[in-house]
Amino acid sequence: MSIAFPTPDEAVLARRDAILEGLAPLVAPDALIVTEDERRAFDTDALTAYRKLPLAVVLPSTTEEVSAVMRFCSENGVKVVARGAGTSLAGGAIPQEDAVVIGVSKLNRVLETNFADRTMRVQSGITNLAISQAVAHEGFFYAPDPSSQLACTIAGNVAMNSGGAHCLKYGVTTNNLLGLTVVLVDGTVVEIGGDMLDAPGYDFLGLMTGSEGQLGIVTEATVRILRAAEGARPALMGFESIEECGACVAAIIGAGIIPVALEYMDKPAIEICEAFAHAGYPLDVEAMLIIEVEGSDEEMEDALARIVEIAKPFNPRALKVAQTEAEAAAIWKGRKSAFGATGRVADYICMDGTIPTGQLKYVLKRIDEIVKGYGLGVANVFHAGDGNLHPLVMFDTNKPGEMEKAEEAGADILKLCVEVGGCLTGEHGVGIEKRDLMTTQYNREDLRQQLRVRGVFDPMWLLNPAKVFPLEGRDLDEAGANGREAA
Amino acid sequence: MTTHRPASEDDVRALVSDAAARAVPLALAGGATKRAVGRPAQTQETVSTAGLTGVTLYEPAELVIGARAGTPLAEVERTLAEKNQRLAFEPADWRALLGSEGEPTIGAVAAGNISGPRRIMVGAARDALIGVRFVNGRGEAVKNGGRVMKNVTGLDLVKLVAGAWGTLGVLTEVTFKVLPIPERTATLVFSGLDDERAIAALSAALGSPYEVTGAAHIPGDGGGAGTLVRIEGFEASVRYRLGELKTLLSEYGEPGLVEGEDGAALWRGVRDAAPLVQPSERAVWKISTAPSRGPALAAAIGAACEARWFYDWGGGLIWLATAADEAAAAAVREATRAHRGHATLVRAPADLRAAVDVFEPLPAPMMTLTRGIKASFDPKGIFEPGRMYAGV
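Note on numbering: residues in each chain are counted from 1, in written sequence order. Here every chain gets a letter starting at A, and every ligand a number starting at 1, in the order they are written. Local features in this predicted model are restricted to residues whose pLDDT is 70 or higher, and side-chain atom pairs enter the listing and the counts only when it is 80 or higher, whereas totals over whole chains, interfaces and linings include all residues. For side-chain calculations, the full set of non-hydrogen atoms in the structure is used, while hydrogens and water are omitted.

S.K.: A description of the overall build of chain B should follow, citing residues and the corresponding values.
M.R.: For chain B, the helix and strand inventory stands at 14 helices and 18 strands. For 392 residues, the compact-globule formula gives about 21 Å, and the C-alpha radius of gyration of chain B, at 21 Å, lands near that figure. Dimensions of chain B, computed from C-alpha atoms along their principal axes, come out at roughly 65 × 50 × 35 Å. Between two residues, a contact is recorded if the distance between any of their heavy atoms is within 4.5 Å. Look at the contacts in chain B between residues 6 or more apart in sequence, and 72% of them connect residues 24 or more apart. About 13,100 Å² of surface is accessible on chain B, with carbon and sulfur atoms providing 51% of the total. With 42 positive and 44 negative side-chain charges, chain B shows a spacing of 5 Å between the two charge centroids. Helix and strand definitions follow DSSP, with helices as H or I runs of at least four residues and strands as E runs of at least two, each counted in order from the N terminus. Using C-alpha atoms as the atom set, the radius of gyration is obtained and then compared with a globule rule of 2.2 Å times the number of residues to the power 0.38. Every accessible area reported is derived by Shrake-Rupley at a probe size of 1.4 Å, with residue values counting cover from the shown protein chains alone. His is not counted here, nor are the chain ends, while Lys and Arg score as positive and Asp and Glu score as negative. For the purpose of locating charges, the reference atoms are NZ of Lys, CZ of Arg, CG of Asp and CD of Glu.

S.K.: Break down the overall build of chain A for me, citing the residues and quoting the values.
M.R.: Looking only at helices and strands, one finds 18 helices and 19 strands in chain A. Taking 23 Å as the expected radius of gyration for a compact globule of 487 residues, we find that chain A reaches 23 Å, a close match to that expectation. Projecting the C-alpha coordinates of chain A onto the three principal axes gives extents of approximately 70 × 55 × 45 Å. Three exposure classes are used, based on accessible area relative to the maximum for each residue type with a 1.4 Å probe and protein chains only: buried under 20%, partly exposed in between, and exposed over 50%. Within the span of chain A, comprising 487 residues, buried residues form 62% of the whole. Carbon and sulfur atoms form 51% of the exposed surface of chain A, whose accessible area is close to 16,900 Å². The centroid of the 42 positive side-chain charges in chain A is displaced by 2 Å from the centroid of its 69 negative side-chain charges.

S.K.: Give me the lowdown on the state of the cysteines, citing residues and values where you can.
M.R.: Residues and elements named next belong to chain A. Pairs of cysteine sulfur atoms within 2.5 Å are identified as disulfides in what follows. What the rule picks out here adds up to 0 disulfides over all chains. Free of any disulfide, cysteine 273 has its nearest cysteine sulfur in cysteine 350, 12 Å distant. For cysteine 350, a relative accessible area of 9% corresponds to the buried category.

S.K.: Give a detailed account of the packing of aromatic side chains, specifying residues and quantitative values.
M.R.: Under the pairing criterion, centres of Phe, Tyr and Trp rings, with the six-membered ring standing for Trp, must be within 6.5 Å; the plane angle then separates stacked pairs below 30 degrees from edge-to-face pairs above 60, leaving the rest tilted. Overall, the coordinates contain 13 aromatic pairs over all chains when judged by the stated rule. Ring centres 4.7 Å apart and planes at 40° place the aromatic pair tyrosine 264 of chain A and phenylalanine 382 of chain A in the tilted group. In this pair, tyrosine 264 of chain A is assigned in strand 13 (residues 261–266) and phenylalanine 382 of chain A in strand 18 (residues 377–383), connecting sequence segments 118 residues apart. Across the pair, phenylalanine 382 of chain A and tyrosine 264 of chain A agree in class, each one buried. Through pairs of rings, three or more aromatic residues link up here, namely Trp165, Phe359 and Tyr389 of chain B.

S.K.: Can you break down the pattern of salt bridges residue by residue, with the values?
M.R.: Here, a salt bridge means any side-chain nitrogen of Lys or Arg that lies within 4 Å of a carboxyl oxygen of Asp or Glu. A complete count under the given rule lists 57 salt bridges over all chains for this structure. For arginine 306 of chain A, the salt bridge identified is with glutamate 183 of chain B, shortest N-O distance 3.1 Å. A residue pair is termed interchain when its members come from two chains, as with arginine 306 of chain A in helix 11 (residues 297–311) and glutamate 183 of chain B in the loop between strand 10 (179–180) and strand 11 (184–191). Judged by its relative accessible area of 24%, arginine 306 of chain A falls in the partly exposed class. The exposure class assigned to glutamate 183 of chain B is partly exposed, which follows from its relative accessible area of 46%.

S.K.: Would you mind going over the layout of surface pockets in detail, with residue names and values included?
M.R.: Residue and element names in this part refer to chain A. Approximately 950 Å³ is the volume found for the second largest pocket. Elements represented by at least two residues in the lining of the second largest pocket include exactly strand 3 (79–83), helix 6 (154–160), strand 10 (217–224), helix 12 (325–336) and helix 13 (338–345). For the lining of the second largest pocket, the element with the most residues is helix 6, which contributes 6 residues. Nonpolar residues are Ala, Val, Leu, Ile, Met, Phe, Trp, Tyr, Cys and Pro. Charged residues are Asp, Glu, Lys and Arg, and all others, Gly as well, are polar. Here the residues of the lining of the second largest pocket are counted per class, giving 20 nonpolar, 22 polar and 7 charged. Grid points spaced at 1 Å and placed over the protein atoms alone form the basis of the search, with a cavity being a set where a 1.4 Å probe fits but cannot get out and a pocket an open set showing protein on both sides within 12 Å along at least five of seven lines. Lining residues have an atom within 4 Å of a point. Grid points are joined across faces, edges and corners, and a volume is the space filled by probe spheres set on the points.

S.K.: With reference to specific residues and values, describe the side chain of arginine 118 of chain B.
M.R.: Residue and element names in this part refer to chain B. Residue position: arginine 118 is located in the loop between helix 4 (106–111) and helix 5 (119–122). Taking the relative accessible area as the measure of exposure, arginine 118 reaches 5% and is therefore buried. In contact with arginine 118, other than residues within four places in its own chain, are Arg86, Ala88, Glu90, Gly123, Thr213, Arg230 and Glu232.

S.K.: Lay out the nonpolar core in plain terms, naming residues and giving numbers.
M.R.: Working definition of a nonpolar core: buried Ala, Val, Leu, Ile, Met, Phe, Trp, Tyr and Cys residues. They are joined through side-chain atoms within 4.5 Å. Ranked by internal contacts, the top residues of the largest apolar core, which has 199 residues, are Leu207 and Phe457 of chain A together with Trp94, Phe176, Trp319 and Ile373 of chain B. Sort the elements by how many residues they give to this core and helix 15 (residues 402–419) of chain A lands first, with 8 residues.

S.K.: Tell me what's going on with the interface of chain B and chain A, and back it up with residues and numbers.
M.R.: Buried accessible area, meaning the area lost when the parts come together, often serves as the stated size of an interface. Taken together, the 80 residues of chain B in the interface contact 92 residues of chain A. Overall, the association of chain B and chain A removes approximately 6,900 Å² of surface from exposure, summing both partners, and the carbon and sulfur fraction of that is 57%. Two parts placed together each lose some accessible area under a 1.4 Å probe, and adding up what both lose gives the buried area. Of all residues in chain B, Lys150, Val152 and Leu155 of chain B give up the largest surface area on contact with chain A, accounting jointly for 13% of the area buried on that side. Where chain B touches chain A, the interface holds 12 salt bridges. Salt-bridge contacts for arginine 239 of chain B lead to glutamate 298 of chain A; the nearest nitrogen and oxygen are separated by 3.9 Å. Two N or O atoms form a polar contact when they lie within 3.5 Å of each other; inside protein one atom must be a possible hydrogen donor and the other a possible acceptor, and for residues adjacent in sequence the pair counts only when both atoms belong to side chains. Counting across the interface, chain B meets chain A through 33 residue pairs in polar contact (both at pLDDT 80 or more). Ranked by residue count, the leading element in the side of chain B that touches chain A is helix 14 (residues 364–377) of chain B, at 10 residues.

S.K.: Tell me about the packing of helix 14 (residues 360–373) of chain A against helix 15 of chain A, residues and numbers included.
M.R.: Residues and elements named next belong to chain A. Here helix 14 crosses helix 15 at 155°, and the two axes come no closer than 10 Å. On the basis of their axis angle, the class for helix 14 and helix 15 is roughly antiparallel. Crossing geometry of helix 14 relative to helix 15 is assigned as right-handed. Contacts between helix 14 and helix 15 pair Tyr362, Val363, Arg366, Ile367, Ile370 and Val371 from the former with Ala409, Asp412, Ile413, Leu416 and Glu419 from the latter. For the contact of helix 14 with helix 15, a count of residues per class yields 8 nonpolar, no polar and 3 charged. Each axis is a line fitted through C-alpha atoms, taken for helices only over the stretch in contact, and angles between the N-to-C directions span 0 to 180 degrees. Here the word oblique covers every angle except those under 35 degrees (roughly parallel), over 145 (roughly antiparallel) and from 65 to 115 (roughly perpendicular). By the definition used in this description, the sense in which the near helix is turned from the far one sets the handedness, with an anticlockwise turn below a right angle giving left-handed and a clockwise turn giving right-handed.

S.K.: Lay out the pairing of strand 18 (residues 341–347) of chain B in plain terms, naming residues and giving numbers.
M.R.: Residue and element names in this part refer to chain B. The buried count for strand 18 comes to 7 of 7 residues, which makes it a mostly enclosed element. As defined by bridge partners, strand 15 (residues 283–289) adjoins strand 18 across 6 bridges and the pair is classed as antiparallel. Bridging from a neighbouring strand, tryptophan 285 pairs with leucine 345 of strand 18. For two strands to be treated as a pair, DSSP must find no fewer than two bridges joining them.

S.K.: So, the pairing of strand 12 (residues 232–239) of chain A: which residues are in play, and what are the values?
M.R.: All names here are of chain A. Of all 8 residues making up strand 12, 7 are buried, and the element is well covered by its neighbours. Strand direction decides the pairing type here: strand 12 and strand 15 (residues 318–321), joined by 4 bridges, are antiparallel. What sits directly across from glycine 238, in strand 15, is alanine 318.

S.K.: Any chance you could break down the sheet that holds strand 10 of chain A for me, citing the residues and the numbers?
M.R.: All names here are of chain A. Strand order in this open sheet of 5 strands is 5-6-10-8-9, and the pairing throughout is antiparallel. The strands lining the two open edges of the sheet, one partner per strand, are strand 5 (110–114) and strand 9 (189–193). Adjacent strand axes in the sheet meet at a mean angle of 10°, parallel and antiparallel pairs treated alike. Of the pairings in the sheet, the one linking strand 8 (residues 177–183) to strand 9 comprises 5 bridges and is antiparallel in character. Paired with leucine 180 across the strands is isoleucine 192, a residue of strand 9. On top of the sheet, helix 5 (residues 128–135) reaches strand 5, strand 6 (119–123) and strand 10; it is set at about 135° to strand 6, its chief contact.

S.K.: Got a sec to walk through the packing of helix 10 (residues 267–277) of chain A against helix 13 of chain A? Specific residues and values, please.
M.R.: All names here are of chain A. The interhelical angle for the contact between helix 10 and helix 13, taken along N-to-C directions, is 90°, at an axis separation of 9 Å. Comparing their axes, helix 13 and helix 10 come out roughly perpendicular. Residues Ile272, Cys273, Ala275 and Phe276 of helix 10 touch helix 13, and the partners they reach there are Ala338, Ala341, Thr342, Arg344 and Val345.

S.K.: How would you explain the sheet that holds strand 8 (residues 141–145) of chain B if you had to name every residue and give the values?
M.R.: All names here are of chain B. With respect to topology, 5 strands assemble into an open sheet ordered 4-5-9-7-8, the strand pairing being antiparallel. One side of each edge strand has no neighbouring strand; the edge strands of this open sheet are strand 4 (55–59) and strand 8. Going from strand to strand, the sheet's axes swing by 10° on average, the running direction of each strand aside. Helix 1 (residues 9–22) rests against strand 7 (129–135), strand 8 and strand 9 (170–177) of the sheet, and its axis sits at about 50° to strand 7.

The values are spatial; any link to function lies outside them.
Put into structure tokens, the structure is as follows:
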């Protein structure tokens, strides 16, 4: 275990019975989870190497219940960890022994759909995919599409500012949100934004998005829904060198084409995915792109013809434009199964950093060196249009010390991302995973300003406190709560 | 009045530290073209970013440009145009509207979240702003965000400073995401629609899969109204979508087609609120609401006081001119409350801006948070005191 957790507050642990007694009347009887067996289900998220049994779990059904629980916890100095579906890859929803988990999974209804205004109001525990499914019959969808969209909630998407393969064109969560209902730490319910494009005053909507459960708990969201394109078609291209592949991406964007998706896979990733999905990927190339375009048949043909023409000077060894739905599905099945397929051949940790795409060749070479230096393997899949890398660092859990090595390699990779001008996380969030690396991207003054903003919302440091900022965070924030100067 | 012209971020730090120590409030200005927005300033000293200029980063293949805050917007746009790219959010130029001179700067575009009609498709300035450097009220240089378009590392302070009108810090450098200039731009123009039918037509266009990048309605007396729908992209795609849109919107009449410089001028007019520039003594409001409530909201104001307006519907906006008096301001606030919207008084004489709320009043808990945010950036309250809200 290389990531530290704060020492639980003994006083809070000692008061557990009284805290449970206080929580009980605030929610429906089946919404308070106290037994160890049942709490066990909430002791981790998708960063399963770390587990902590929470003090209790509540699963409220209304904003009012969330408010009551928050008020009680803040009045009693009890920490709160917000939880959507628990799909965080960065450990954002892993609890602490002295914290109450507030899960929003029962808040899963669509409240209002307005096709004329292209908006939809939902409770925050609804899954990302369910939002799109609820409007699909009219040809609409909700754009941000994280890989976990079948399971992840909009609450978690807001907390992490999630993206996905199609955000090159459609943007990430922050670009597709209009309003939020947020319960503040003291139980106050605020409405931020609404069903219009602009909100008055400071951009609290932008601030809440990606704040990882440290500013409040989101119980409702008003999202933008978009009319889906008439059709979508992927093509795949294989290249003999990473260099040619990267240059081809630059040439496509330089020519004024913004494909709806532009995904990169390296040789190990191609081999792993092909063995699993039999997608028809070329096995004799060093790098491969999946390029998806949208529109009518005529528009897609035109765009793909342009892309093929642009690619020629870079000698694509393999070039396949999906001609049928089945071919299109196969191309995506390979890419989308990257994580699962890798899991069949090795244990792995999925990193998430972003780099300026001009640094791609250098970064991939260095990643290979870093990982080999630890005696491990790596497969790379990433969003080539925006430089969001997902190196899958592979190891063997059964070999003592390998997981720690993988974590160290992962940390080195993220530091490399920052070194070349990128950032620690493009879409997974900081959570506990990258918390201790924050100082590589931000200096003390940068971090202090963020901590002071955090302090405005949560002066007692009760909300998801072990995440995002280094554990000494409160000491970094010498100014104290609400940004006031220390005496 | 003293105007400071720091030549570097370190100079800004020294200047702000000194002002904080003296507890002297500062106005912030780039080209000072939007000085007349907000509540009148109570400052004797101004920090100008005119000495902080220059594009610091431009990577066309990465769709990103960075510049020091005082860089003229025109210079940024020229640099981008050389590589056939642009700031896709179409920043407005309010010089004619506000009767100001000087050069709009890229920093002020960020500070005011100044966006245009393409907002519906690509978002506002805040959506394109991916990184900032600024000096807070303690004289500390702070970086947030960066130069990559996907970044969820820590709190997104970039969004907070976008649209804060200088109340949170002196921006020293900003980095924006950019997009290619499309091969062809074409606008369908429908004539003679009333507000209700025009908004219905625009909503149908915006709800179609044809990627409308501008939608506006300019009412006119005696059937002179124009309803605009803009399409951009590669030639074959634009041709196809124009045809489909004509079919989709056939019940609204046979549209004209405007392209080239004529089309560009049309959209510059929408972007810069040209229909309301004259007469210049009128107050001008920018109102945001949901599309379906727009016509009723505008009509309610029109019933309560004499008003003229047009819709930048891609931006979800009603631009509206009234008499520059408190009664009209009250009518605007009343209508936006009743029809759920919010209004910003973009142009008015200083005495009116001092007498009424310029930015939409916030509910008490949001005002508390707003004051807390202000204090966390600027504990002595030296930046643009009261420009957005009293005490902020």
